[in-house]
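This is what each chain is made of:
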Amino acid sequence: MRKPNPEDGSTVYQLIGRCKPLDENSMYCNLLQCSHFRDTCVIAEQGGLVVGFVSGYFLPDQPDTLFVWQVAVGEEARGQGLASRMLSKLLTRHQGRVRHLHTSITTGNDASWNTFKKLSRENDAPLNTRVMFDREQHFGGQHDTEMLVHIGPFKALAGSTSTASRAHLQE
Ligand SMILES: CC(C)(COP(=O)(O)OP(=O)(O)OC[C@H]1O[C@@H](n2cnc3c(N)ncnc32)[C@H](O)[C@@H]1OP(=O)(O)O)[C@@H](O)C(=O)NCCC(=O)NCCS
């Protein structure tokens, strides 16, 4: 697991494209994530291939709040705890700064809910939800409602996680 580079942008674009139901963004957007926002992104490789990506950024008006934009794990690497390890990696990288984590999830995405419930559990931080972008009010009926998931406040050591997960953290 490492920070992405601009050269990873096109590969990330391909990965997101095969991780339904994630929204695809433009390749340019992925390039920006892999350059301007690389400090708050994680890329995971297995056998030289990109199999995982987490994108995020700190909220401009809440510098202690990390917004996780997307989490993607290729089918070939799912069910091995990779999503959880990438998120822990991000928290560990910014240990001491992250007091809150925000993300948004549609109601039907069980894998996503379970991923963030696990993060909440492992960090002993409460999880609360409310509507972030409403199907009618914000998406003009074109997209399911995105629920804002708020995890936090984290204790001083946000990112500390189970010994098993920690053993996988590199760099
Ligand atoms: C969601 C996703 C990132 C999970 O990746 P992963 O590496 O397989 O997840 P992990 O192995 O770290 O599992 C994290 C938790 O989610 C649960 N989970 C993972 N996939 C699941 C599924 N399909 N259904 C229900 N729960 C699931 C795991 O059991 C684990 O919880 P537990 O330890 O309490 O049992 C991956 O399935 C994916 O890329 N999906 C498509 C894109 C997407 O929907 N992303 C949403 C953002 S999270």
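Residues numbered from 1 in each chain as written. Predicted model: local features only at pLDDT ≥ 70, side-chain atom pairs only at ≥ 80, totals over all residues. Heavy atoms only, no water.

Participant: Looking at this model, I keep getting lost on helix α2 (residues 27-35). Mind explaining?
Facilitator: Each α-helix winds once per 3.6 residues, and so residues spaced three or four apart point in a common direction. Residues Cys29, Asn30, Gln33 and Cys34 constitute the buried set of α2. The arc that holds the buried residues of α2, viewed along the axis, is 135 degrees, so those residues lie on one side. (Buried < 20%, exposed > 50% of the residue type's maximum accessible area, 1.4 Å probe, protein only. Helix = DSSP H or I, 4+ residues; strand = E, 2+ residues; numbered from the N terminus. Arc of directions from axis to C-beta.)

Participant: It is not clear to me how the site of the ligand should be interpreted in this structure. Could you clarify?
Facilitator: If you check the shell around the ligand, you find 22 residues, and the closest are Val73, Gly79, Gly81, Asn109 and Asn114. A distance of 2.8 Å separates an oxygen atom of the ligand from a polar backbone atom of Gly79. Separating an oxygen atom of the ligand from a side-chain N or O atom of Lys118 is a distance of 3.2 Å. A total of 890 Å² of accessible area belongs to the ligand in isolation, and the protein chains cover 73% of it. Most atoms of the ligand, that is more than half of them, are within 2 Å of grid points of the largest pocket. No other element matches the 7 residues that helix α4 (residues 110-122) contributes to the shell around the ligand. Partitioned by chemical class, the residues of the shell around the ligand number 10 nonpolar, 8 polar and 4 charged. (Near = heavy atom within 4 Å. Polar contact = N/O pair within 3.5 Å; in protein donor to acceptor, adjacent residues only side chain to side chain. Areas by Shrake-Rupley, 256 points an atom, 1.4 Å probe, with all protein chains shown as cover. 1 Å grid on protein atoms, 1.4 Å probe; cavity = no way out; pocket = protein on both sides within 12 Å on 5 of 7 lines; lining within 4 Å. Sits in = over half its atoms within 2 Å of the grid points. Nonpolar A, V, L, I, M, F, W, Y, C, P; charged D, E, K, R; others polar.)

Participant: Could you clarify how one ought to interpret the packing of aromatic side chains in this entry?
Facilitator: Given two aromatic rings, one states the distance between the centres and the angle between the planes to describe the pair. A complete count under the given rule lists 4 aromatic pairs for this structure. Each ring, one from Tyr57 and one from Phe67, has its centre 5.3 Å from the other, and the planes form 35 degrees; the classification is tilted. With a gap of 10 residues between them, Tyr57 in strand β2 (residues 49-59) and Phe67 in strand β3 (residues 62-73) connect regions that are remote in the sequence. Of the residues examined, Tyr57 reaches a relative accessible area of 26% and is grouped as partly exposed. Every member of this aromatic cluster is reached through a ring pair, and the members are Phe37, Tyr57, Phe67 and Trp69. When the ring centre of Phe58 is taken as reference, the NZ or CZ atom of Arg97 above it lies at 3.5 Å. (Phe/Tyr/Trp six-rings, centres within 6.5 Å; stacked < 30°, edge-to-face > 60°. Lys NZ or Arg CZ within 6 Å of the ring centre and 35° of its normal.)

Participant: Whenever I open this one, the sheet that holds β3 confuses me. Can you help?
Facilitator: In sheet architecture, strand pairing relies on hydrogen bonds along the backbone and comes in two forms, parallel and antiparallel. One open sheet holds the 6 strands; their spatial order is β1-β2-β3-β4-β6-β5, and the pairing between them is mixed. The two strands at the open ends of the sheet, each matched to only one other strand, are β1 (42-46) and β5 (127-133). The sheet shows a mean angle of 25 degrees between the axes of neighbouring strands, direction not considered. Sheet topology note: the β2/β3 ladder contains 8 bridges and is antiparallel. Directly across from Val54, in β3, lies its bridge partner Val71. Packed on one face of the sheet, helix α1 (residues 9-17) meets β1, β2 and β3 and runs near 95 degrees to β2. The sheet strands contacting helix α3 (residues 82-93) are β1, β2, β3 and β4 (100-106), and the helix crosses β3 at an angle near 155 degrees. (Pairing = 2+ DSSP bridges. Axes fitted to C-alpha atoms, helices over the stretch in contact; angles between N-to-C directions. Contact = heavy atoms within 4.5 Å.)

Participant: How should I be thinking about the state of the cysteines in this particular structure?
Facilitator: Think of a disulfide as a covalent bridge from one cysteine sulfur atom to another cysteine sulfur atom. Across all of its chains, the model carries 0 disulfides by this definition. No disulfide involves Cys34; its sulfur sits 6.2 Å from the nearest other cysteine sulfur, which is in Cys41. Among the residues examined, Cys41 registers a relative accessible area of 0% and is labelled buried. (Disulfide = S-S within 2.5 Å.)

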